[in-house]
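The residues making up each chain are set out below.
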Amino acid sequence: MWPGRHHYTVPEWSFLPVGPEGITELQAEQLHLAAISAARRLGVPENGVLARGFRRLETRQVCGIIAAPGISLEILPKLKDDDGALRATLIRMLTLAFDVPLSEGQITGLSTQDNDLLEVFIDLFVTRLAQQVQTGLMRAYVPKEELLPKLRGNLDLRQQILRRAIDPSRLHCRFEEFSENTPLNRLFKTCLLHVGSFARTEPLRRRITSLTERFAGIPQSRAPLKERIVWNRLNERFRDTHTLARMLLEAVWQNTTYGTFTGVALLFPMNLLFERYVSRWLQRVLPAGTVSVQRRTYTLLQHGAYPLIPDIVIETDAGPLIVDTKWKDLGDPIGSVSKVSQADLYQLASYGAVYDASRVILLYPGTAQDRQPTVWQYTATDRQIEIWLVDLRATQNRKDWEMLARQLVTQNYK
């Protein structure tokens, strides 16, 4: 990010020491201020990314990377990591959730590089953009207005009358010019300029500089995230690169300054990321139209107050199946009532009643794919609640998720 910076990696719900055994007070203050800014953008509490404790910075349920001048902190999922696969798990979740096509081999290669998470995505963006630029930048007809000695395109009569007294020898022309100055190219140029200052390794910085020169004639965008991209068969090849550029610009561009400190944050609340990852896979492997996400059909009260919004509803032959994802380590054994939130049990009971669900499921991350779900019976009802685990390290590809989905829908978990 910044040359000579110190890099640290810790899991969520952990801490980074401040003092003689860790980072300095100034570094802690810089990271914390950047985290506050990032928290506001994410819509989480002010201390929802990093909290100040006694001589330490405490991580919360947000993963990714946050950095300030001279220091960066990578926060990885708090899962059992017997084989060093935490970063690969996080990258796998991000690539599916944000529609970044990567093969499993590419994910493994990126996760084992001696780079932090931000550098991984910068490298991927630069590589993808360089590949597309080899066949030429996108060009399009761009509307222009100029005062010219000869008519070009159409004459703007109103402007011509207004400006005639200033220079009657010039014509106010409106025309279209085939140009590389397109919204897509302006977005790429701006992204290159911003991420270049955050690249940690010299080879990557050189690649960014070289690629930026190809965009020399294209102006920087003042609001890259608001550039209106119209997709067609000519620019469709840039769509994957555009996805990466937006992800990086959202980390750099929006609200990363707090007071006199400037930072960058590529952060993801794990509750939301886990929900999106699971729902995307279920939508891919189950029949089209049977999986809905964040359905808003019912409310708790008849006059419309308190919407009941389950994470995932799967339509089955037996009726609606409700799945609510929870990013929490239940530990072992999972049959203990104290490990599952009472509020979650009440919530699923409400979902089951108003949606007349055939079954309700709480789905957690875990490390025991072959373990049978825990099943509890609600009082005074025939409805049960099932507690499922999904091993994110073992459940990686379409075949794995097809098997899990089949088990969820058919209750075939023997």
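Residues numbered from 1 in each chain as written. Predicted model: local features only at pLDDT ≥ 70, side-chain atom pairs only at ≥ 80, totals over all residues. Heavy atoms only, no water.

(A) Layout of the overall build of the protein chain. A tally of helices and strands in the protein chain yields 11 helices and 20 strands. For the protein chain, the residues scored as buried account for 50% of the 414 residues in total. Counting only contacts in the protein chain whose residues sit at least 6 apart along the sequence, the fraction spanning at least 24 positions is 70%. Carbon and sulfur atoms make up 50% of the accessible area of the protein chain, which amounts to about 20700 Å² in all. (Helix = DSSP H or I, 4+ residues; strand = E, 2+ residues; numbered from the N terminus. Buried < 20%, exposed > 50% of the residue type's maximum accessible area, 1.4 Å probe, protein only. Contact = heavy atoms within 4.5 Å. Areas by Shrake-Rupley, 256 points an atom, 1.4 Å probe, with all protein chains shown as cover.)

(B) Region of the structure containing the environment of Phe-178. By the element assignment, Phe-178 lies in strand S9 (residues 171-179). Along the primary structure Phe-178 and Pro-143 are separated by 35 residues, whereas in three dimensions their C-alpha atoms are 9.1 Å apart. Excluding residues that lie within four positions of it along the chain, Phe-178 makes contacts with Arg-139, Ala-140 and Tyr-141.

(C) Molecular detail of the packing of helix H2 (residues 86-97) against helix H4 (residues 117-133). Two elements in contact, H2 and H4, have axes whose closest approach is 12 Å; the angle formed by their N-to-C orientations is 50 degrees. Of the possible angle classes, the one that applies to H2 and H4 is oblique. Like other packed secondary-structure pairs, H2 and H4 cross with a definite hand, here right-handed. Listed contacts from H4 to Arg-87, Leu-90, Ile-91 and Leu-94 of H2 are Leu-117, Val-120 and Phe-121. When grouped by side-chain class, the residues that make up the contact of H2 with H4 number six nonpolar, no polar and one charged. (Axes fitted to C-alpha atoms, helices over the stretch in contact; angles between N-to-C directions. Parallel < 35°, antiparallel > 145°, perpendicular 65-115°, else oblique. Left-handed = near helix turned anticlockwise from the far one by under 90°. Nonpolar A, V, L, I, M, F, W, Y, C, P; charged D, E, K, R; others polar.)

(D) Here's a closer look at the confidence of the model for the protein chain. Of all residues in the protein chain, 88% attain a pLDDT of 70 or more, and the chain-wide mean is 84. Confidence drops under a pLDDT of 50 for residues 253-260, and excluding neighbours within four residues, the segment shows 25 contacts in the predicted structure. (pLDDT = per-residue confidence, 0-100.)

(E) Spatial organisation of the nonpolar core. Counting 97 residues, the largest nonpolar core has Leu-50, Ile-66, Ile-122, Phe-125, Phe-188, Phe-215 and Leu-282 as its most contacted members. Here this core gets 10 residues from one element, more than from any other, and that element is H4. There are two domains that each give this core at least three residues, and those are domain 1 (6-136 + 183-270) and domain 3 (286-409). With residues near it in sequence (within four places) discarded, Ile-66 still touches Leu-31, Ala-34, Ala-35, Leu-50, Ser-72, Leu-73, Val-264, Ala-265 and Leu-267. Of all hydrophobic cores here, the second largest spans 18 residues; its members include Leu-330, Ala-357, Tyr-378 and Ile-387. (Core = buried A, V, L, I, M, F, W, Y, C linked by side-chain atoms within 4.5 Å. Domains from an automatic or database assignment.)

(F) The pattern of salt bridges, seen in detail. What the rule picks out here adds up to 21 salt bridges. A salt bridge links Arg-87 to Glu-74, with the nearest nitrogen and oxygen atoms 2.7 Å apart. Placement of the pair is Arg-87 in helix H2 and Glu-74 in strand S6 (residues 71-76), with a sequence separation of 13 residues. Each of the two residues, Arg-87 as well as Glu-74, counts as buried. (Salt bridge = Lys/Arg side-chain N within 4 Å of Asp/Glu carboxyl O.)

(G) Here's a closer look at the pairing of S6. The element S6 is extensively covered by neighbouring structure, given that six of its six residues are classed as buried. Going residue by residue along S6, you find Ile-71, Leu-73 and Ile-75 tucked away on one face and Ser-72, Glu-74 and Leu-76 tucked away on the opposite face as well. Bridging between strand S1 (residues 6-11) and S6 involves six bridges; their strand directions are parallel. Each bridged residue has a counterpart across the sheet, and for Pro-11 the counterpart in S6 is Leu-76. Inspection of the sheet shows strand S5 (residues 62-68) paired to S6 by five bridges, in the antiparallel sense. Across the sheet, Ile-65 pairs through a bridge with Glu-74, a residue of S6. Connecting S5 to the next strand, S6, in antiparallel fashion are two residues, including Gly-70 with a positive phi near 90 degrees. (Pairing = 2+ DSSP bridges.)

(H) Main features of the sheet that holds S9. In spatial order, the strands read S7-S9-S8; together these three strands make up an open sheet with antiparallel pairing. Where the open sheet ends on each side, the last strands, each with one partner, are strand S7 (140-148) and strand S8 (154-155). Summarising the sheet, S8 and S9 pair through two bridges and their orientation is antiparallel. The residue of S9 that forms the bridge with Leu-155 is Cys-173.

(I) Looking closely at H4. The first and last C-alpha atoms of H4 sit 24 Å apart over 17 residues, in line with the 24 Å expected at 1.5 Å per residue. Burial analysis of H4 places 13 of its 17 residues in the buried class, the great majority of the element. (Expected span 1.5 Å × (residues − 1).)

(J) How the structure looks around the environment of Ile-385. Relative to the assigned elements, Ile-385 resides in strand S20 (residues 384-391). Ile-385 sits 24 residues away from Ile-361 along the chain, and the two C-alpha atoms are 5.8 Å apart. Discounting chain neighbours no more than four positions away, the residues touching Ile-385 are Leu-345, Leu-348, Val-360, Leu-362, Thr-374, Val-375, Trp-376 and Tyr-378.

(K) Representation of the side chain of His-32 within the structure. Within the fold, His-32 resides in helix H1 (residues 25-42). Filtering out sequence-adjacent residues up to four positions away, His-32 remains in contact with Asn-47, Leu-50, Ala-51, Arg-52 and Leu-57.

(L) Local environment of the packing of aromatic side chains. Enumeration according to the criterion identifies six aromatic pairs in this entry. Summarising the aromatic geometry, the rings of Phe-188 and Phe-238 are spaced 5.8 Å apart at their centres and angled 45 degrees between planes, so their arrangement reads as tilted. On the criterion of sequence distance, the pair formed by Phe-188 in helix H6 (residues 183-196) and Phe-238 in the loop between helix H7 (202-214) and helix H8 (239-253) is long-range, its members being 50 residues apart. The exposure classification of Phe-188 matches that of Phe-238, with both residues buried. In this structure an aromatic cluster arises from ring pairing among Phe-125, Phe-188 and Phe-238. Lying across the ring of Phe-15, Arg-56 places its NZ or CZ 4.4 Å from the centre. Sitting over the ring of Trp-281, Arg-284 keeps its end group 5.6 Å from the ring centre. (Phe/Tyr/Trp six-rings, centres within 6.5 Å; stacked < 30°, edge-to-face > 60°. Lys NZ or Arg CZ within 6 Å of the ring centre and 35° of its normal.)

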